[in-house]
Amino acid sequence: MSNNETITLSHGSGGKAMRNLIDDVFVEGFDNPELSLLEDQARFDLAKLAARGDRLALTTDSYVVDPLFFAGGDIGKLAVSGTVNDLAVSGALPLYLTCGMIIEEGLAVDELRKVVRSMKTTADAAGVQIVTGDTKVVHRGAADKLFINTAGVGVIPAGLDVRSDRAQPGDVVICNGYIGDHGAAIVDARGELAIENTIETDCAPLNQLIAVMLDVCPDIHCMRDATRGGVATVLNEFARASACAIRIDESALPIREEVRGMCEILGLDPMYLANEGKVIAVVPASAAETVLAAMRALPEGQDARVIASVEADPAGRVTMQTLFGGERIVDMLVGEQLPRIC
Amino acid sequence: MCLGIPGQIVAVDDPARLMATVDVSGVKRQVNIACIVSDDHPAAACVGDWVLVHVGFAMSRIDAEEASKTLEALAELDEVQQELDAIQHSAQAIR
Amino acid sequence: MKYVDEFRDPALARKLSQGIHDMMRQLPYDAKNPLQIMEFCGGHTHTIFRYGIEQMLPKSIEMVHGPGCPVCVLPMGRVDDCVALAERPDVIFTTFGDAMRVPGSRKSLLQAKADGADVRMVYSPLDALQLARANPERQVIFFALGFETTMPSTALTLLQAKREGLKNFSLFCNHITSVPTVKAVLDSPELRIDAFVAPGHVCMVLGEIPFEFIPRDYHKPIVISGFEPLDVLQSIYLTVRQFAEGRCEVENQYQRVVARQGNPAGLEAMHEVFELREFFEWRGLGSIENSGVRIREAYAEFDAERRFNVPNLQIADPKSCQCGEVIKGLIRPWQCKLFGEVCNPQNPMGALMVSSEGACAAYYNFGDLPELLEKRNQSDKTDAA
């Protein structure tokens, strides 16, 4: 298929045009033996899987980001990273991904190829394979350019027990780096608020980072990746599930100057901005230094630090020790964060 | 309706329409400078000015000297307080 | 960040706090009869909550959160007018973000957008102007709201539209004035406010002079404050110092931005484009004389109210809504019967819960909800006893 072409309804109708699209764009782009078989399903040897762990981890996500391409990434990179990360935060070794695409008619083949290429690059970096997929094409207006749905499967090694409800008083909360980058990059990419910045998304697969963390500390209590709703949302989830209090140290929060600037102009709180490459881990205090050292050896973890501590009271609440020495509550987000002018 | 943030004018883009680019910690945005220009201070002279930015308008220049004075007054609080304490203690000592 | 970080220095904050505590010990106020300082402006309310400033003050000072949140005082009828305009197929309705969630009698602008109206969030009226240039076949309406801080930006945008001869741009004007509002609060018989922290950015435009009537006629000190936490703390310090020294005057803490005469270019544009409305309706405060502005006849073509039919109905607040009492500082937000359980940010009954500057939203988001509800139940019991 030539890059000048656009996707039409016939590319989704099951006939030759669709076969062409699949071969030319997806099979060639994702390039792995299982997918190339083009069966209706991917098949895996159970015994081989069971040799690597004692639980299967399964996750699903849909990606509808607008615009498709933004500073430092695109919807494809997002899809693969997001799914890999959802698996990795359970302690699982991510293995296989599905890729379902819903394409709005009129999308340029060129753009689709770029997305697929990006997914392949990200998948290779993460060590996973995209083994099965589906393609649908819908009328103009029925989807916004491209929606991607993924499912991911991984295996959790025996002995790991990473859950939201395991935080204990005395634990510390670690974040691997700068927060709010993705949210800020999207505001710029959308162009609605006519604000220019040079911030890039932090979108990245974190499974290798998480693997080294679990290697030095198999007893990590909780882990989540902070996506929509920001770091504040994950911390609230941990506090509630674990019936503990989490106390954030505002002076420890890593926030880029530009992200700060953007938040100040628009009246946004970086704690609630989306991230796509941030893991929040609750670890026993005694393991903190070792975990940080291991993280800082990798690029995705070079700015890792402790951002909060876990206490007993007030149970279920997240509070922040402000730069000012005061204390405020950091609650769950209600609806979308809207820029304010007051 | 009061969210205003300090930023620095880095370029005048359209002197006729009084539009300039302001930089807030590396983030850039076009702003209207009608409120800060005057005969003594025309558009071209605004480059480098620190201004208060509100909904896409540079509303006022920030007076660096006044800013320093405000901060100095705060720093001096301690000294004034210590002096007052000293006076009070010495008064008590005399009694 | 320059001119920001220096005014967030925790060490200086502690000094100010210490100074305030020391002075208050010499004054005849305590927790039962505190010195009541009203911060008029929503931006100040936000700063106070975000930085936990009340925690740094002695219990003998009570900060009362005033009605200076233009989003919060939008009457439901005006929101309905916005929705009616937005629902016209030829219209692109542009608005600031925080106005989108305010409930009307049927729906908010956000809901109207979900239902298919072309409602777009903008950061600046200039962006609305750009939309008008880029979409000549559509009518672009800008929802202009705010106190005097924002009036110059609206006025200057309208003047630019006129210069360019744009035929598809208009404003739905809901600007309100500060002075009549403060006066309405001061004239309220149930009120006991001892001093004011004045809105620094309103004064950036208006200057100091329009507020001199407060110490002169009402004998209450007023300090014009900036918006960083040190600004607010220092303004409270200066207010308390006036009491300590037996003074009563306008003091300008925000001298790096506010000049006594205000901003000449801004004032000129405002006076060129706007004139006072005899009455304007405020949510919770009812109708206040001369508290709103409208677009002058000479600029009628840019006035959405004249160009389009707006329903212009007066819709009363829900009976149980106590927004008015909160706005006047008569009750604290958590004392409202609806606070927290019935009325909360997910399901706001009144606009004080919708905007993040609204006193109720501030308490809900930054305060300790269970503790506040407990306090309310306690005070209910004491009243009943």
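Criteria and thresholds
Residues numbered from 1 in each chain as written. Chains lettered and ligands numbered in written order. Predicted model: local features only at pLDDT ≥ 70, side-chain atom pairs only at ≥ 80, totals over all residues. Helix = DSSP H or I, 4+ residues; strand = E, 2+ residues; numbered from the N terminus. Rg over C-alpha atoms; globule rule 2.2 N^0.38 Å. Buried ≥ 20, exposed ≤ 12 C-beta atoms within 10 Å, placed from the backbone. Contact = placed C-beta atoms within 7 Å. Axes fitted to C-alpha atoms, helices over the stretch in contact; angles between N-to-C directions. Parallel < 35°, antiparallel > 145°, perpendicular 65-115°, else oblique. Left-handed = near helix turned anticlockwise from the far one by under 90°. Core = buried A, V, L, I, M, F, W, Y, C linked by C-beta atoms within 7 Å. Nonpolar A, V, L, I, M, F, W, Y, C, P; charged D, E, K, R; others polar. Pairing = 2+ DSSP bridges. Right-handed = clockwise from strand over helix to strand, strands pointing away. pLDDT = per-residue confidence, 0-100. Domains from an automatic or database assignment. Arc of directions from axis to C-beta.

### Some remarks on the overall build of chain A
Line of reasoning, step 1. Across its full length, chain A holds 10 helices and 14 strands.
Line of reasoning, step 2. Taken over the C-alpha trace, chain A has a radius of gyration of 21 Å; the compact-globule value for 342 residues is 20 Å, and the two agree within 12%.
Line of reasoning, step 3. By principal-axis analysis of the C-alpha atoms, chain A measures approximately 65 × 55 × 30 Å.
Line of reasoning, step 4. Per-residue burial for chain A yields a buried fraction of 50% across its 342 residues.
Line of reasoning, step 5. Restricting to contacts in chain A with at least 6 residues of sequence separation, those with at least 24 account for 85%.

### Focus: the overall build of chain B
Line of reasoning, step 1. If you tally the helices and strands in chain B, you get 1 helix and 5 strands.
Line of reasoning, step 2. Going from N to C terminus, chain B has its helices and strands arranged as β-β-β-β-β-α.
Line of reasoning, step 3. Within the span of chain B, comprising 95 residues, buried residues form 39% of the whole.
Line of reasoning, step 4. When contacts within chain B are restricted to residue pairs at least 6 apart in sequence, those whose partners lie at least 24 apart make up 46%.

### Re the packing of helix α4 (residues 75-88) of chain A against helix α5 (residues 109-126) of chain A
Residue and element names in this part refer to chain A.
Line of reasoning, step 1. The geometry of α4 relative to α5 is characterised by a closest axis approach of 7 Å and an angle of 30° between their N-to-C directions. The angle between α4 and α5 falls in the class roughly parallel. In this structure, α4 meets α5 at a crossing whose hand is right-handed. Within the contact between the two elements, α4 uses I75, G76, K77, A79, V80, S81 and V84 and α5 uses V115, V116, S118, M119, T122, A123 and A126.

### Remarks on the nonpolar core
Line of reasoning, step 1. A:L235, A:I246, A:A281, B:I33, B:A58, C:A86 and C:F93 are the most contacted members of the largest nonpolar core, which totals 254 residues.
Line of reasoning, step 2. When residues of this core are assigned to their parent elements, the largest contribution, 8 residues, is made by helix α10 (residues 229-244) of chain C.
Line of reasoning, step 3. Once you skip the residues sitting within four places of it in the chain, A:L235 turns out to touch A:I246, A:I248, A:I280, A:A308 and A:V318.

### A closer look at the packing of helix α2 (residues 42-50) of chain C against helix α14 (residues 359-366) of chain C
Any two packed helices are characterised by the angle at which their axes cross and by the distance between the axes.
Residues and elements named next belong to chain C.
Line of reasoning, step 1. Contact geometry for α2 and α14: axes closest at 10 Å, N-to-C directions at 15°. Looking at the two axes, α2 sits roughly parallel to α14. Like other packed secondary-structure pairs, α2 and α14 cross with a definite hand, here right-handed. Where α2 abuts α14, its residues T45, H46, F49 and R50 lie against A359, A362 and F366.
Line of reasoning, step 2. Looking at the contact of α2 with α14 residue by residue, the class counts come to 4 nonpolar, 2 polar and 1 charged.

### Details of the sheet that holds strand β7 (residues 195-199) of chain C
All names here are of chain C.
Line of reasoning, step 1. Taking strand neighbours across the sheet as the criterion, the 5 strands line up as β2-β1-β7-β8-β9 in an open arrangement whose pairing is parallel. Across the chains shown, the open sheet's two edge strands, defined by having one partner strand only, are β2 (61-68) and β9 (250-252). Shown here is a sheet whose adjacent strand axes are inclined to one another by a mean of 25°, direction ignored.
Line of reasoning, step 2. Across 3 bridges, the pairing between strand β1 (residues 35-41) and β7 is parallel. Residue pairing for β7: E39 is matched across the bridge by V197.
Line of reasoning, step 3. The strands touched by α2 within the sheet are β1, β2, β7 and β8 (222-225), with β1 carrying the most contacts at an inclination of about 120°.

### Description of the environment of C:C69
Line of reasoning, step 1. Relative to the helices and strands, C:C69 is located in the loop between β2 and α3 (76-86).
Line of reasoning, step 2. The buried category is assigned to C:C69, around which 31 C-beta atoms lie within 10 Å.

### What to know about the pairing of β1(C)
Residue and element names in this part refer to chain C.
Line of reasoning, step 1. Most of β1 sits inside the fold, with 6 of its 7 residues counted as buried.
Line of reasoning, step 2. The pairing of β1 with β2 spans 6 bridges and is parallel. Of the residues in β2, the one forming a bridge with C41 is G68.
Line of reasoning, step 3. Crossover β1 to β2 through α2 is right-handed.

### Points about the confidence of the model for chain B
Low pLDDT marks regions whose predicted coordinates should not be analysed in detail.
Line of reasoning, step 1. On average, chain B scores 87 in pLDDT, and the residues at 70 or more come to 79%.
Line of reasoning, step 2. In the model output, the complex is listed with pTM 0.89 alongside ipTM 0.90.

### Re the interface of chain B and chain C
Line of reasoning, step 1. Between chain B and chain C, the residue contacts involve 27 residues of the former and 38 residues of the latter.
Line of reasoning, step 2. Among the secondary structure elements, those contributing two or more residues to the side of chain B that touches chain C are β4 (50-54), β5 (57-61) and α1 (64-94) of chain B.
Line of reasoning, step 3. If one sorts the elements of the side of chain B that touches chain C by residue count, α1(B) sits on top with 8 residues.
Line of reasoning, step 4. Tallied by class, the residues present in the side of chain B that touches chain C amount to 16 nonpolar, 8 polar and 3 charged.

### A closer look at the interface of chain C and chain A
Line of reasoning, step 1. Contacts between chain C and chain A engage 36 residues on the former and 22 residues on the latter.
Line of reasoning, step 2. Contributing elements (two or more residues each) for the side of chain C that touches chain A: α1 (10-25), α2 and α14 of chain C.
Line of reasoning, step 3. Grouping the amino acids of the side of chain C that touches chain A by side-chain chemistry returns 17 nonpolar, 11 polar and 8 charged.

### Digging into the domain arrangement of chain A
All names here are of chain A.
Line of reasoning, step 1. Split into domains, chain A comes out as domain 1 (9-156) and domain 2 (164-329).
Line of reasoning, step 2. The straight-line distance from the C-alpha centre of domain 1 to that of domain 2 is 27 Å.
Line of reasoning, step 3. Each partner contributes residues to the interface: domain 1 has 20 residues there, and domain 2 has 22 residues.
Line of reasoning, step 4. Broken down by secondary-structure element, the contributors of at least two residues to the side of domain 1 that touches domain 2 are α4 and α5.
Line of reasoning, step 5. Ranked by residue count, the leading element in the side of domain 1 that touches domain 2 is α4, at 9 residues.

### With respect to helix α10 (residues 288-296) of chain A
Line of reasoning, step 1. Listing the buried residues of α10(A) in full gives A:V291, A:L292, A:A294 and A:M295. The buried residues of α10(A) occupy one face: seen down the axis, they fall within an arc of 165°.

### A closer look at the environment of B:A67
Line of reasoning, step 1. Relative to the assigned elements, B:A67 resides in helix α1.
Line of reasoning, step 2. Assessed through the 20 C-beta atoms surrounding it within 10 Å, B:A67 is described here as buried.
Line of reasoning, step 3. Once you skip the residues sitting within four places of it in the chain, B:A67 turns out to touch B:I62, C:Y3 and C:R256.

### Overview of the sheet that holds strand β13 (residues 318-321) of chain A
Residues and elements named next belong to chain A.
Line of reasoning, step 1. Spatially, the 7 strands line up as an open sheet ordered β9-β11-β7-β12-β10-β13-β14, and their pairing is mixed. Edge positions in the sheet fall to β9 (222-225) and β14 (327-329), since each has one partner strand and no second. Averaged over neighbouring strand pairs, the angle between their axes works out to 25° when direction is ignored.
Line of reasoning, step 2. Here strand β7 (residues 172-175) pairs with strand β12 (residues 305-311) via 4 bridges, running antiparallel. When the sheet's bridge partners are listed, I174 is paired in β12 with V306.
Line of reasoning, step 3. Taken strand by strand, helix α8 (residues 230-242) contacts β7, β9, β10 (245-249), β11 (279-283), β12 and β13, and its axis lies near 150° from that of β10.

### Regarding unusual backbone geometry
Excluding glycine, residues mostly have negative phi values, and the peptide bonds linking residues are mostly trans.
All names here are of chain A.
Line of reasoning, step 1. Of note, the bond from D66 into P67 is cis; its omega dihedral lies within 30 degrees of zero at 0°.
Line of reasoning, step 2. Assignment of secondary structure puts P67 in the loop between β1 (55-63) and β2 (69-70).
Line of reasoning, step 3. Note the cis peptide between D313 and P314, where omega equals -5°.
Line of reasoning, step 4. Structurally, P314 can be placed in the loop between β12 and β13.
Line of reasoning, step 5. Of note in the backbone geometry, K145 takes a positive phi value of approximately 70° without being a glycine.
Line of reasoning, step 6. Its location among the elements puts K145 in the loop between β5 (129-138) and β6 (146-156).
Line of reasoning, step 7. The class for K145 is partly exposed, based on 19 C-beta atoms found within 10 Å.

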